[in-house]
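Below, each chain spelled out in residue letters.
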Amino acid sequence: MRELRIITMREFFAYFATPLAYVFLVIFLAGAGAVTFFIGDFFSRRQADLFSFFSFVPWLFLVLIPAVGMRLWAEERKSGSIELLMTLPVTTGQAVGGKFLAAWLFTGIAVVLTFPLWISVNYLGDPDNGVILAGYVGTMLMAGALLALAGCLSALTRNQVIAFVVGTAASFLFMMSGLDLVLSVFKGWAPPYVIDMISALSFLTHFQTISQGLLHLPALVFFATMIIVCLFINIQIVELKKAG
Amino acid sequence: MTNLIEVDSVTKRFGAIIAVDDVSFTVRRGEVLGFLGPNGAGKSTTMRVITGYLPPTIGTARVCGQDIQTHPVEAKRKIGFLPEGAPLYGDMSVQGFLEFIARIRNLSGKHKKSRMDDVIERMGLAEVLFQRVETLSKGYKRRVGMAQAILHDPDVLILDEPTDGLDPNQKHHVRELIRDMGSDKAIIISTHILEEVDAVCTRALIIDRGTVVLDGTPGDLHARSRHHNAVVLRMKGDEANRAAKLLRAIPDVGSVEKLDAADGVSLLVVPREGKFVAEAVGAAVRENNIQVVEMHTEAGKLDEVFRQLTVGEEAA
Ligand SMILES: Nc1ncnc2c1ncn2[C@@H]1O[C@H](COP(=O)(O)OP(=O)(O)OP(=O)(O)O)[C@@H](O)[C@H]1O
Ligand SMILES: [Mg+2]
């Protein structure tokens, strides 16, 4: 536990040592504000809620989360510091977990910093704060699953650009797998249960379920499972890769 | 238990490449083992196996009795490791980085402070303490790497080319440091600087293409040299031919070679194997009244032994 916390803190502060953290925060917050008030028709809908914010979050995450996750292992491998890290008295699980938690915490800060939106809608109207809370829970869970996925892919390469591009593509697939755009590729040749399985992996569908205000258990379990499975695979990749 | 490091028939393959081929050795407390070998011999790979970074393909390594594969965390606690090229976290300050290492090594309170102060002083890091690691010069990075390795005062130190990139003062300083620490630790250093073996090591291990070709004291290494116990005489040029002839007549002398030096000529008197000719040479010089400017006995040339052991087979 102690080791996990120390690694998490080191990784967390490492974000703020590079411009990446500030670029991320500015883009995320500016994007969130813009969609909530302008693109999302906030004023003409005459309804004070964060519906448009939560429908836009998945698209923001699609590019921003791989940017946060890409450095986790790729940078470590490129600079060789992985040799230092993995010869310190920590387990691979602690290293993987610490890096993931740091990235999640960092994303959490960005999400928390959207609180002025929440204050605004409460000031302008009388939104259902339960639904908003559910939306935030869904946002964090989806962020966690996307980060765990990005972390896995980051461990496969020493090149951050590759980690980013592949991370975005994979996030896109998982996000969209419930939509016809992706499913049509499989329709016609894959058996129906495969199609059902693919569409059941959709982050977007599960996120929408949660953010409609239903803290739907299967959706929560889905994201938790996704995170745990990705972290587990991440550990295997790190061990396998360093075995040479 | 005096064997702090035990390498037990370790083989490491990378696909078709056999980087380390059935290597076994032990290092006791109080020993400083010099790890020598040409580029690609498998030195770094062996060190990576001992420190638990790479799993061996066959065999295992134990550190302070803890098997690096079954008890990796316990073993790693006992080790201080300077990886090849001293990779560090570039985005941290020197202070922040050492703090991180101290915390993860479970140092705290007064003890942590005194250990931090000690390594900062020893490695001369006071003036760069708040600089980001990535902006440091190569030598300073190496020093930070060294500081990180000795911070928790480990029983076992594994240092991959610790003096590479250091200025002459720092080289000297680090060698002294290693010698100092050597008395109560087990230390392995790899190096391409053969004088370092004489300067700091109590034992030398030469490895070539993954296998150990020599394991002995620096003295053993010298003794393998053709030049071991050879006598060098420096004199004026016109004396050389007469002297060479007289010296060849001494019974135990194998050969006398003429080496041109800047000021005059040097004669290298090589004894027959296992013989000692210094006294006889001295007597001959006195009796025949040869004008000698300087005379000394060679301990043996390490680079020559190194070449013999590592390229010998290739050339043959
Ligand atoms: N990850 C790896 N994948 C494939 N081959 C490797 C890997 N690491 C090392 N090797 C190979 O193993 C052999 C031994 O390498 P190693 O780095 O141990 O040599 P070394 O003795 O430390 O050399 P140097 O003096 O140049 O540092 C080399 O042939 C190297 O190419
Ligand atoms: Mg090496």
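Residues numbered from 1 in each chain as written. Chains lettered and ligands numbered in written order. Predicted model: local features only at pLDDT ≥ 70, side-chain atom pairs only at ≥ 80, totals over all residues. Heavy atoms only, no water.

A.B. asks: Hey, could you run me through the overall build of chain B in this one?
C.D. replies: Counting its secondary structure elements, chain B contains twelve helices and 14 strands. Seen through its C-alpha atoms, chain B measures out along the principal axes to roughly 75 × 45 × 35 Å. Looking at chain B residue by residue over its 316 residues, the buried ones come to 53%. Within chain B, contacts between residues separated by at least 24 positions form 68% of all contacts whose residues are at least 6 apart in sequence. Of the side-chain charges in chain B, 41 are positive and 45 negative, and the distance between the mean point of each set is 2 Å. (Helix = DSSP H or I, 4+ residues; strand = E, 2+ residues; numbered from the N terminus. Buried < 20%, exposed > 50% of the residue type's maximum accessible area, 1.4 Å probe, protein only. Contact = heavy atoms within 4.5 Å. Lys, Arg positive; Asp, Glu negative; His and termini not counted. Charge placed at Lys NZ, Arg CZ, Asp CG, Glu CD.)

A.B. asks: Help me understand the coordination of the magnesium ion (ligand 2) in this model?
C.D. replies: Six octahedral donors around a metal ideally make angles of 90 or 180 degrees; four tetrahedral donors ideally make 109.5 degrees. All names here are of chain B. Every protein donor of the magnesium ion (ligand 2) is listed here as Ser44 (OG) and Glu84 (OE), and their distances to the metal cover 2.0 to 2.3 Å. Note that Ser44 is positioned in helix H1 (residues 43–50) and Glu84 in the loop between strand E6 (79–82) and helix H3 (94–104), a separation of 40 residues in sequence. The class of Glu84 is partly exposed, set by a relative accessible area of 36%. (Donors = N, O, S within 2.8 Å, 3.2 Å for Na, K, Ca; no water.)

A.B. asks: I would appreciate a short explanation of the interface of chain B and chain A in the present structure.
C.D. replies: For interface size, the figure often reported is the accessible area lost on association. Each partner contributes residues to the interface: chain B has 27 residues there, and chain A has 26 residues. When chain B packs against chain A, close to 2,500 Å² is buried across both sides, 61% of that on carbon and sulfur atoms. Its largest share of buried area at the contact with chain A, chain B owes to B:Tyr53, B:Tyr89 and B:Ile104, together 31% of the area lost on that side. Inspection of the region where chain B meets chain A yields two salt bridges. Across the salt bridge formed by B:Asp91 and A:Arg10, the nearest N and O atoms sit 3.6 Å from each other. Joining chain B to chain A, the criterion identifies six residue pairs in polar contact (both at pLDDT 80 or more). Secondary-structure elements contributing two or more residues to the side of chain B that touches chain A are strand E1 (3–14), helix H2 (72–77) and H3 of chain B. Counting residues per element, the side of chain B that touches chain A draws most heavily on H3(B), which supplies five residues. For the side of chain B that touches chain A, the class distribution of residues is 15 nonpolar, four polar and eight charged. (Buried area = accessible area lost by both parts, 1.4 Å probe. Salt bridge = Lys/Arg side-chain N within 4 Å of Asp/Glu carboxyl O. Polar contact = N/O pair within 3.5 Å; in protein donor to acceptor, adjacent residues only side chain to side chain. Nonpolar A, V, L, I, M, F, W, Y, C, P; charged D, E, K, R; others polar.)

A.B. asks: Would you mind showing me how to read the state of the cysteines here?
C.D. replies: A disulfide bridge is the covalent bond that connects two cysteines by way of their sulfur atoms. All names here are of chain B. This structure, assessed with the given rule, holds zero disulfides over all chains. Looking at the unpaired Cys64, the closest cysteine sulfur is the one in Cys201, lying at 19 Å. According to the relative accessible area criterion, Cys64 is buried, its value standing at 11%. (Disulfide = S-S within 2.5 Å.)

A.B. asks: Where do I start with the packing of aromatic side chains in this structure?
C.D. replies: The way to describe two aromatic rings as a pair is by their centre distance and the angle between their planes. Residue and element names in this part refer to chain A. Taken as a whole, this structure holds 16 aromatic pairs over all chains when the rule is applied. Centre to centre, the rings of Phe12 and Phe13 are 5.4 Å apart; their planes meet at 70 degrees, and the pair counts as edge-to-face. Judged by relative accessible area, which is 52%, Phe13 ranks as exposed. Taking the centre distance of 5.3 Å and the plane angle of 70 degrees together, the rings of Phe12 and Phe16 count as edge-to-face. Look at Phe12 and you get buried, because its relative accessible area is 8%. (Phe/Tyr/Trp six-rings, centres within 6.5 Å; stacked < 30°, edge-to-face > 60°.)

A.B. asks: Can you walk me through a nonpolar patch on the surface in this structure?
C.D. replies: All names here are of chain A. Among the surface-exposed residues, Ile109, Val112, Leu113, Phe115, Trp118 and Ile119 lie close enough to one another that they form a single nonpolar patch of about 520 Å² accessible area. Listing elements by their share of the nonpolar patch, those giving two or more residues are helix H6 (92–112) and helix H7 (115–124). For Leu113, the location among the structural elements is in the loop between H6 and H7. The class of Leu113 is partly exposed, set by a relative accessible area of 34%. (Patch = residues over 30% accessible without salt bridge, like charges linked within 9 Å, V, L, I, M, F, W, Y side chains within 5 Å. Areas by Shrake-Rupley, 256 points an atom, 1.4 Å probe, with all protein chains shown as cover.)

A.B. asks: Before we go on, may I ask you to explain the pattern of salt bridges in this structure?
C.D. replies: When their charged atoms lie close together, side chains carrying opposite charge are able to pair. Here the structure, examined in full by the defined rule, presents 25 salt bridges over all chains. B:Glu134 is the salt-bridge partner of B:Arg132, the closest N and O atoms lying 2.5 Å from each other. Accessibility expressed as a relative area gives 44% for B:Glu134, which makes it partly exposed. A network of salt bridges, in which partner residues are shared, links A:Arg10, A:Glu11, A:Arg71, A:Glu75, A:Glu76, A:Lys99 and B:Asp91.

A.B. asks: Even after reading the chapter, I still don't get the domain arrangement of chain B, so can you show me in this structure?
C.D. replies: What the domain assignment lists for chain B is domain 1 (3–223) and domain 2 (231–298). Between the C-alpha centres of domain 1 of chain B and domain 2 of chain B there is a distance of 43 Å. (Domains from an automatic or database assignment.)

A.B. asks: Help me out: how do you make sense of helix H12 (residues 203–211) of chain A in this one?
C.D. replies: Note on helix geometry: an α-helix contains 3.6 residues per turn, so any two residues three or four positions apart are oriented the same way. Residue and element names in this part refer to chain A. When we look at burial in H12, the residues that qualify are Phe203, Leu204, His206, Phe207, Ile210 and Ser211. End-on, the buried residues of H12 take up no more than an arc of 165 degrees, which puts them together on one face. Elements that come into contact with the buried residues of H12 comprise helix H3 (51–69), helix H8 (129–154), helix H9 (160–176), helix H11 (192–200) and helix H13 (217–242). One or two positions beyond H12, positive phi appears at Gly213, with a value near 105 degrees. (Arc of directions from axis to C-beta.)

A.B. asks: Looking at this structure, how should I read the site of ligand 1?
C.D. replies: Residues and elements named next belong to chain B. Inspection of the region around ligand 1 gives 14 residues, with Gly40, Lys43, Ser44, Thr45 and Glu84 positioned closest. Side-chain polar atom of Asn39 to an oxygen atom of ligand 1: 2.9 Å apart, as the coordinates give it. Its free accessible area being 640 Å², ligand 1 has 67% of it covered by the protein chains. Among the secondary structure elements, those contributing two or more residues to the shell around ligand 1 are strand E2 (17–28) and H1. With three residues, H1 is the largest single contributor of residues to the shell around ligand 1. Across the shell around ligand 1, the residue classes tally to five nonpolar, six polar and three charged. (Near = heavy atom within 4 Å.)

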